[in-house]
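Structural description and commentary
Here is what each chain is made of, one letter per residue.
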Amino acid sequence: YLREGQLLRLADALLLAGFAVSIFGLYQYFVQGDVIVAEGVRRMHGVYASPNNLSLLLGRMIPLAVSVLLVGRSPRRHLYGLVLLPLVLCLFLTYSRGGWLLSLPAGLLTIGLLRGRRATLLAVTVIALCALLLLPLVGTQRILSLFDLEQGTTFRRLKLWEATLLMIRDHPITGIGLDNFLYQYPQYLLPEAWQEPDLSHPHNILLDYWTRLGIGGVVVLLWLEVAFFVLALRLYRRLPDGDDRAIILGLLASMASMLAHGLIDNSYFLVDLAFISLLSLGLVQAVGKNLVSSRCQMGNSDAG
């Protein structure tokens, strides 16, 4: 169970962590000039070795901030709105295509669909405006490689998935074990994908669970996600507008963002991402128990 105010304090702490990482990333990017130059762009990486890791974190934080900004109460909604600005800027500067094209749209669309027609239209408009902002980058190698099916990133990702399916064919029940992908992948590496022999995960959440944990891992993943969304949607519909409902909406959108980005990247088996996922599950479960407990107390009071 959560005591009064604990849900909000935990959400505040989570967003504060994202804010701190973003401020450091901005200092690193603009003051220190510590960036990763790749495919014609300067990518922010913050406290991580890879810009994609930073993007995966921000993809969990931004939907939470947007939800509280839209549904929460003052002064929290205004504070979350201010924090949202560096988060979005940092996501842009990671030049993460998964963050731009999958994570952010999925989070915004989830919020829009749950808030109604006008919110959905607003979400679609914001996504369209973001797409327009990306037009100047269309000529960079970072974007062009998406459409290169012979040697670019998309080509190598498809070959990685093909090799992973061969790995799963050989180990369908037990998988290959936790953190063994790096050591097993060279045996399945296709000749066309020789440029990236040292990958530590298959860049897909379903394939990642399957290779690490076997078919049982896939069952656990599906069970956890279905249980989360069923309970979180039920809570969202029952709670009145306010900070608590905004947090639940943000967790829903954050999880949708994670699953979308997980189609092409590692979205769970990293310490910070696993922590946020399990925290989201725990918060929704605790809020559900609190709601049931309060209704039982009201029922007993009425009966008395």
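What counts and what doesn't
- Residues numbered from 1 in each chain as written.
- Predicted model: local features only at pLDDT ≥ 70, side-chain atom pairs only at ≥ 80, totals over all residues.
- Heavy atoms only, no water.
- Helix = DSSP H or I, 4+ residues; strand = E, 2+ residues; numbered from the N terminus.
- Rg over C-alpha atoms; globule rule 2.2 N^0.38 Å.
- Contact = heavy atoms within 4.5 Å.
- Areas by Shrake-Rupley, 256 points an atom, 1.4 Å probe, with all protein chains shown as cover.
- Lys, Arg positive; Asp, Glu negative; His and termini not counted.
- Charge placed at Lys NZ, Arg CZ, Asp CG, Glu CD.
- Salt bridge = Lys/Arg side-chain N within 4 Å of Asp/Glu carboxyl O.
- Buried < 20%, exposed > 50% of the residue type's maximum accessible area, 1.4 Å probe, protein only.
- Polar contact = N/O pair within 3.5 Å; in protein donor to acceptor, adjacent residues only side chain to side chain.
- Core = buried A, V, L, I, M, F, W, Y, C linked by side-chain atoms within 4.5 Å.
- Disulfide = S-S within 2.5 Å.
- Expected span 1.5 Å × (residues − 1).
- Patch = residues over 30% accessible without salt bridge, like charges linked within 9 Å, V, L, I, M, F, W, Y side chains within 5 Å.
- Phe/Tyr/Trp six-rings, centres within 6.5 Å; stacked < 30°, edge-to-face > 60°.
- Lys NZ or Arg CZ within 6 Å of the ring centre and 35° of its normal.

A look at the overall build of the chain
Scanning the chain from terminus to terminus reveals 12 helices and 2 strands. Taken over the C-alpha trace, the chain has a radius of gyration of 21 Å; the compact-globule value for 304 residues is 19 Å, and the two agree within 12%. Dimensions of the chain, computed from C-alpha atoms along their principal axes, come out at roughly 75 × 45 × 35 Å. Counting only contacts in the chain whose residues sit at least 6 apart along the sequence, the fraction spanning at least 24 positions is 69%. Surface summary for the chain: the accessible area is close to 15300 Å², and the carbon and sulfur share equals 66%. Computed over 24 positive and 20 negative side-chain charges, the separation of the two mean positions in the chain equals 10 Å.

A look at unusual backbone geometry
Of all residues except glycine, most have a negative phi; of all peptide bonds, most are trans. Across the junction of Ser-74 and Pro-75, the peptide omega takes the value 0 degrees, indicating a cis bond. With respect to the helices, strands and loops of the structure, Pro-75 is situated in the loop between helix H2 (51–71) and helix H3 (76–94). Even without being glycine, Asp-179 reaches a positive phi, approximately 60 degrees. Mapped onto the elements, Asp-179 comes out in the loop between helix H7 (153–170) and helix H8 (181–188).

Comments concerning the pattern of salt bridges
All told, the structure shown has 12 salt bridges when counted by the stated rule. Among the salt bridges present, the one from Asp-179 reaches Arg-212, with a minimum N-O distance of 3.0 Å. Of this pair, Asp-179 sits in the loop between H7 and H8 while Arg-212 sits in helix H9 (residues 205–213), and the two are 33 residues apart along the sequence. The exposure class of Asp-179 is exposed, given its relative accessible area of 55%.

Looking at the side chain of Arg-212
Take Arg-212: its relative accessible area is 8%, and that puts it in the buried class. A polar contact is formed between the side chain of Arg-212 and the side chain of Asp-208, at a distance of 2.7 Å. Setting aside residues no more than four positions away along its own chain, Arg-212 makes contact with Thr-174, Gly-177, Leu-178, Asp-179, Ser-200, His-201, Asn-266 and Phe-269.

Structural notes on the nonpolar core
Of all hydrophobic cores here, the largest spans 66 residues; its most connected members are Ile-62, Tyr-80, Leu-87, Leu-235, Ile-247, Ile-248 and Val-284. Among the secondary structure elements, those contributing two or more residues to this core are helix H1 (6–32), H2, H3, helix H4 (97–115), H9, helix H10 (215–238), helix H11 (243–261) and helix H12 (271–303). With 10 residues, the top contributor of residues to this core is H2. Those residues in contact with Ile-248 that sit more than four places away from it in its chain are Ala-232, Leu-235, Tyr-236, Leu-239, Val-284 and Val-287. The next biggest cluster of nonpolar side chains, apart from the first, holds 10 residues, and it includes Ile-176, Phe-181, Leu-190 and Ala-193.

What to know about the state of the cysteines
Evaluation of the coordinates by the stated rule reveals 0 disulfides. You can see Cys-130 has no disulfide; the closest cysteine sulfur is in Cys-90, sitting 15 Å from it. For Cys-130, a relative accessible area of 28% translates into the label partly exposed.

Side note on the side chain of Arg-245
For Arg-245, the location among the structural elements is in helix H11. Polar side-chain contacts of Arg-245 include one of 3.1 Å to the backbone oxygen of Leu-239. Ignoring anything within four residues of it in the chain, the contact list for Arg-245 reads Arg-115, Tyr-236, Arg-237, Leu-239 and Pro-240.

A closer look at H7
In this model H7 runs 26 Å from its N-terminal to its C-terminal C-alpha over 18 residues, within 8% of the 26 Å that 1.5 Å per residue would give. Within H7 the residues assigned to the buried category are Thr-153, Phe-155, Arg-156, Arg-157, Lys-159, Leu-160, Ala-163, Thr-164, Met-167 and Ile-168. Close packing links the buried residues of H7 with H4, H8 and H9.

Overview of a nonpolar patch on the surface
A contiguous nonpolar patch, built from Phe-24, Tyr-27, Phe-30, Val-31, Val-47 and Leu-89 and spanning about 590 Å² of accessible area, is present on the exposed surface. Broken down by element, the residue count for the nonpolar patch peaks at 4 residues, all from H1. Under the relative-accessibility criterion, Tyr-27 is labelled partly exposed at 42%.

Focus: the packing of aromatic side chains
All told, the structure shown has 9 aromatic pairs when counted by the stated rule. When the ring of Tyr-209 is compared with that of Tyr-268, the centres are 5.6 Å apart and the planes differ by 40 degrees; the resulting orientation is tilted. Linking Tyr-209 in helix H9 with Tyr-268 in the loop between H11 and H12, this pair joins segments that are 59 residues apart in sequence. Each of the two residues, Tyr-209 as well as Tyr-268, counts as buried. Sitting over the ring of Tyr-29, Arg-42 keeps its end group 5.0 Å from the ring centre. The aromatic ring of Tyr-236 is capped on one face by Arg-245, whose charged end is 4.0 Å from the ring centroid.

Coordinates in, geometry out; function isn't part of it.
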